[in-house]
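# Structure at a glance
Here is how the chains run, residue by residue.
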Amino acid sequence: HVRLEESGGGSVQPGGSLRLSCAASGMRTRYDCMAWFRQPADKAREGVAAIDIHDGTTYADSVKGRFTISQDNDKNTLYLEMNSLKPEDTAMYYCAAAGGLVTVPLLTDEYNYWGQGTQVTVSQ
């Protein structure tokens with residue numbers, strides 16, 4: 001019921017900024033939550049930030065103060081503003097959506113729907 005499409009990834013130098021977008025289509029319910037995850041090469045997928053239907057947010061400690069998650073309900077679009085990027089932020093970034101109640105917002109298994117990902121590379 002949900003289709004997700006990420007965009008906005010690219011290559012940037014340390015200290016730079018990027019804004020990722022995730023266009024969502026399909027049915028949403030009052031229990032839906034959305035999130036950004038990332039997966040560095042040869043590492044496990046990890047939660048970055050999540051936002052619920054009431055715009056409540058959760059962030060991984062590693063990105064607090066640097067990343068901001070938001071959503072535009074009229075456009076059905078999720079955003080991740082990334083500032084002060086570091087090489088360790090390099091990863092494939094995925095948009096995820098949950099079709100029901102989420103109790104642990106940065107837990108991978110909470111989410112039912114996933115986009116194909118957009119690559120973010122932070123290097124000199």
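Residues numbered from 1 in each chain as written. Predicted model: local features only at pLDDT ≥ 70, side-chain atom pairs only at ≥ 80, totals over all residues. Heavy atoms only, no water.

Our next topic: the environment of Gln 39. As for its placement among the helices and strands, Gln 39 is situated in strand E4 (residues 33–39). A relative accessible area of 28% means that Gln 39 is categorised as partly exposed. A C-alpha to C-alpha distance of 8.4 Å links Gln 39 and Thr 90, two positions 51 residues apart in sequence. Residues contacting Gln 39, with those up to four places away along its chain left out, are Ala 44, Arg 45, Ala 91, Met 92 and Tyr 94. A polar side-chain atom of Gln 39 sits 3.1 Å from the main-chain carbonyl oxygen of Lys 43. A polar contact of 3.4 Å, which involves the side chain of Gln 39, links it to the side chain of Arg 45. (Helix = DSSP H or I, 4+ residues; strand = E, 2+ residues; numbered from the N terminus. Buried < 20%, exposed > 50% of the residue type's maximum accessible area, 1.4 Å probe, protein only. Contact = heavy atoms within 4.5 Å. Polar contact = N/O pair within 3.5 Å; in protein donor to acceptor, adjacent residues only side chain to side chain.)

Once that is clear, we can look at the sheet that holds strand E8 (residues 77–82). The sheet built from four strands is open, its strands ordered E1-E3-E8-E7 with antiparallel pairing. Of all strands in the sheet, those bounded by a partner on one side alone are strand E1 (2–7) and strand E7 (67–72). This sheet shows a mean twist of 15 degrees between the axes of neighbouring strands, independent of strand direction. As paired strands, strand E3 (residues 18–26) and E8 are joined by six bridges and run antiparallel to one another. Note on E8: the bridge partner recorded for Arg 19 is Glu 81. (Pairing = 2+ DSSP bridges. Axes fitted to C-alpha atoms, helices over the stretch in contact; angles between N-to-C directions.)

Turning our attention to the pattern of salt bridges. On inspection of all chains with the given rule, the structure shows five salt bridges. Here Glu 46 and Arg 38 are joined by a salt bridge, their closest N and O atoms 2.8 Å apart. Its relative accessible area of 33% is what places Glu 46 among the partly exposed residues. Salt-bridge contacts for Asp 89 lead to Arg 66; the nearest nitrogen and oxygen are separated by 2.8 Å. In this pair, Asp 89 sits in the loop between E8 and strand E9 (91–98) while Arg 66 sits in the loop between strand E6 (57–59) and E7, placing the two residues 23 residues apart along the sequence. Just as Asp 89 is buried, Arg 66 falls in that class too. Each member of the salt-bridge network shares a partner with another, and the members are Arg 38, Glu 46, Arg 66 and Asp 89. (Salt bridge = Lys/Arg side-chain N within 4 Å of Asp/Glu carboxyl O.)

Burial of strand E11 (residues 118–122) is one-sided: the residues Thr 118, Val 120 and Val 122 facing one way are buried, the residues Gln 119 and Thr 121 facing the other way are not. Taken together, the three bridges between strand E2 (residues 10–12) and E11 define a ladder with parallel strand orientation. Considered in E11, the bridge of Gly 10 is made with Val 120. Alignment of E9 against E11, held across three bridges, turns out to be antiparallel. The partner of Ala 91 across the bridge, within E11, is Val 120.

Moving on, we come to the environment of Gly 9. Examined against the element boundaries, Gly 9 turns out to sit in the loop between E1 and E2. A relative accessible area of 33% places Gly 9 in the partly exposed class. Taking the C-alpha atoms as reference points, Gly 9 and Met 92, separated by 83 residues in sequence, lie 8.7 Å from one another. Setting aside residues no more than four positions away along its own chain, Gly 9 makes contact with Leu 20, Thr 118, Gln 119 and Val 120.

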